[in-house]
Amino acid sequence: MARLVIQNGRVIDPSQSLDDYVNLVVEDGKVAALGAAAGPTDEVWDASGKLVVPGLIDLHAELREPGFEEDETIATGTAAALRGGFATIACLPNTDPPIDSQASVEFVHHQANRAGNCNVVVLACVSKNREGHQLAEIGSLVKAGAVGFTDASAPIHNAELMRRALDYCQMFDRPVMNHPEVLELTRGGIMHDGSTAMILGLAGLPPAAEDVMASRDLRLAEATGGRLHLMNISSEGNVDLLRRVKSRGVTVTADINVANFTLTDEVLRSFDTNCKLNPPLRSRRHVQACIEAIADGTIDAIASGHTPRAVEKKMRDLSEAPFGMVALETALSLVVSYLVEPEYLNWSQVVERMSAAPARILGLRTKGTLQVGADADITVIDPELQWKVDRQHLHSRSFNSPFLGQTLKGRAVAVFVAGLVKYIDRDQWPS
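These lines cover the structure that appears in this document, whether it is placed above or below. What you are looking at is a predicted structure, and each value in this text was computed from that prediction instead of being measured.

What follows concerns the state of the cysteines. Under the counting rule described, the total for this entry stands at zero disulfides. Residue Cys-91 stays outside any disulfide, its sulfur separated by 10 Å from that of Cys-125, the closest cysteine. Here Cys-125 falls in the buried class, since its relative accessible area comes to 0%.

Next comes the structure, spelled out in structure tokens:
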């Protein structure tokens, strides 16, 4: 395999407290050195004016295959991920059939290998068929390569099942990842339960539905010592719960989707179905509380929240359209535009939330870092590049984004996976 050097870039790696202009040497798919590039070199990449960071990792994305290929496929989803700067994505199990068997895990790995884009790791079902009644065959799923367990958008409503999952997954050092929502409180809801919903006459999704289930999960995590990860944080109350529990040393991590710190429920005045999300876009007070939690580390990671839906599904009335938005290609730029530019986060914190922390949560020990010997998964970012979100240039099969037509700042211009160039924007980085 070629030996390459990426030089003159600003290398940022919070796992080493590194933020400096150094050469990055890659050999045989691994990081070989940071600093002087001694010996013969096959390729030299000049990253002047660019950031060189560990490959971004998305904690959970819907790839929709098998069963919903009209929304997305593993090939199109991973192509979109590369253009968003992601070297690794974790695939959610809400497919048809769900990912609750060894064969279904192996299918995803096979399709990802065939596509040859970014790395894909699998999040398998907590319960059989995502029905919330019987625990899935956790041991066999781990053997097949599952890195974590979740029922995706289906909350684990059965407290006893959740307790047993937390207990059992300790044996394999895997996280149980739950979407906190009490369905009895949200049934029929369309948007955040607040003044805007009342004015528009739309049924609400109350933040209490998130807070109540999150509180239950946090208590169970404390009682069992299991590895709990709360997905899709969106409420001020949930943030307060997390702060208190973390202060007691409970093993819990959490993430937030990009939409939930960039937009508020006010955008639903347009009745744009691309803004219909779950968790919903909440009021400014909740959004600001979440931003503060990202900044102080209460929320450990930033996820894309990629939920592609075919155009014919989103063309329905707001009450009938499914929840979801595409986000892999815009996630990094939204972080730059809404967190870095207003100085809520610095670049080292961005890399921590979008690479190092996801790697730790998923147990990917050779990723999320540029330490010598780590996998040479590398994202090169132009932090000043401005670009317009255009449906013709999105590589996802769907284009249900509320950001269509907007100009964002910052974008990945290249992604290396195991030392191989998997994506490069030659217009922006002709190196």
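Back to the text.
Turning our attention to the packing of aromatic side chains. The tally for this structure, following the rule as stated, stands at three aromatic pairs. Centre to centre, the rings of Trp-45 and Trp-429 are 5.2 Å apart; their planes meet at 40°, and the pair counts as tilted. Linking Trp-45 in strand β6 (residues 43-46) with Trp-429 in the segment after β20 (420-424), this pair joins segments that are 384 residues apart in sequence. A ring pair is formed by Tyr-168 and Phe-172, whose centres lie 5.5 Å apart and whose planes are at 75°; its orientation type is edge-to-face. Of the aromatic side chains, those joined through ring pairs into one cluster are Trp-45, Phe-416 and Trp-429. Its guanidinium or amino end placed over the ring of Phe-68, Arg-64 lies 4.2 Å from that ring's centre, counting from NZ or CZ. A cation over a ring is seen here: Lys-276 above Phe-323, with NZ or CZ 4.9 Å from the ring centre.

If you trace the six strands from one edge of the open sheet to the other, you get β3-β2-β7-β18-β19-β20, paired in mixed fashion. Of all the strands in the sheet, the pair left with one neighbour each is β3 (18-21) and β20. Across this sheet, the average inter-strand angle for adjacent strands is 25°, counted without regard to direction. Across eight bridges, the pairing between strand β18 (residues 378-388) and strand β19 (residues 407-417) is antiparallel. Paired with Val-380 across the strands is Ala-414, a residue of β19. The sheet contacts of helix α1 (residues 74-83) involve β19 and β20, and relative to β19 the element is tilted by about 110°. Contacting β18 and β19, helix α11 (residues 331-340) runs over the sheet at an angle of about 135° to β19.

Where helix α4 (residues 159-170) contacts helix α7 (residues 207-224), the axes come no closer than 10 Å and their chain directions differ by 40°. What the angle tells us is that α4 and α7 run oblique. The handedness of the crossing between α4 and α7 comes out as right-handed. Between α4 and α7, the contacting residues are Ala-159, Met-162, Arg-163, Leu-166, Asp-167 and Gln-170 on the first element and Arg-216, Asp-217, Leu-220, Ala-221 and Thr-224 on the second. Partitioning the contact of α4 with α7 into residue classes produces five nonpolar, two polar and four charged.

The next point concerns the pairing of strand β4 (residues 24-27). Sheet topology places strand β1 (residues 4-7) next to β4; three bridges connect them, and they run antiparallel. Its bridge partner lying in β4, Leu-4 is registered against Val-26. The pairing of β4 with strand β5 (residues 30-34) spans four bridges and is classified as antiparallel. Paired with Leu-24 across the two strands is Leu-34, which belongs to β5. In this antiparallel pair of consecutive strands, β4 and β5, the connection spans two residues, and Asp-28 shows a positive phi of 55°.

Below, the discussion takes up the packing of α11 against helix α12 (residues 347-362). Viewed as axis vectors pointing N to C, α11 and α12 meet at an angle of 140°, and their least axial separation amounts to 11 Å. Judged on the interaxial angle alone, α12 and α11 are oblique. The two elements α11 and α12 meet at a crossing, and its hand is right-handed. Of the residues in α12, those touching α11 at Ala-331, Leu-332, Val-335, Val-336 and Val-340 are Trp-347, Val-350 and Met-354. Tallied by class, the residues present in the contact of α11 with α12 amount to eight nonpolar, no polar and no charged.

Turning our attention to the environment of Gly-55. Following the sequence through the fold, Gly-55 ends up in the loop between β7 (51-54) and β8 (56-61). Judged by its relative accessible area of 5%, Gly-55 is buried. Sequence spacing of Gly-55 and Lys-367 is 312 residues, and the spatial spacing of their C-alpha atoms is 7.6 Å.

What follows covers the side chain of Asp-13. If you trace the backbone, Asp-13 turns up in strand β2 (residues 10-13). Within the structure, the side chain of Asp-13 is placed 2.7 Å from the side chain of Ser-15, a separation counted as a polar contact. A polar side-chain atom of Asp-13 sits 2.8 Å from the main-chain amide nitrogen of Leu-370. Each residue touching Asp-13, except ones within four places of it in the same chain, is listed here: Leu-18, Pro-54, Gly-368, Thr-369, Leu-370 and Gln-371.

In this section: the side chain of His-229. For His-229, the location among the structural elements is in strand β15 (residues 228-230). Residue His-229 is classed as buried on the basis of its relative accessible area, which comes to 0%. A distance of 2.7 Å separates a polar atom in the side chain of His-229 from a polar atom in the side chain of Thr-253. Ignoring any residue separated from it by four or fewer positions in sequence, one finds His-229 in contact with Leu-59, Val-176, Met-177, Asn-178, Thr-253, Ala-254, Asp-255 and Ile-361.

Definitions and cut-offs
- Residues numbered from 1 in each chain as written.
- Predicted model: local features only at pLDDT ≥ 70, side-chain atom pairs only at ≥ 80, totals over all residues.
- Heavy atoms only, no water.
- Disulfide = S-S within 2.5 Å.
- Buried < 20%, exposed > 50% of the residue type's maximum accessible area, 1.4 Å probe, protein only.
- Phe/Tyr/Trp six-rings, centres within 6.5 Å; stacked < 30°, edge-to-face > 60°.
- Helix = DSSP H or I, 4+ residues; strand = E, 2+ residues; numbered from the N terminus.
- Lys NZ or Arg CZ within 6 Å of the ring centre and 35° of its normal.
- Pairing = 2+ DSSP bridges.
- Axes fitted to C-alpha atoms, helices over the stretch in contact; angles between N-to-C directions.
- Contact = heavy atoms within 4.5 Å.
- Parallel < 35°, antiparallel > 145°, perpendicular 65-115°, else oblique.
- Left-handed = near helix turned anticlockwise from the far one by under 90°.
- Nonpolar A, V, L, I, M, F, W, Y, C, P; charged D, E, K, R; others polar.
- Polar contact = N/O pair within 3.5 Å; in protein donor to acceptor, adjacent residues only side chain to side chain.

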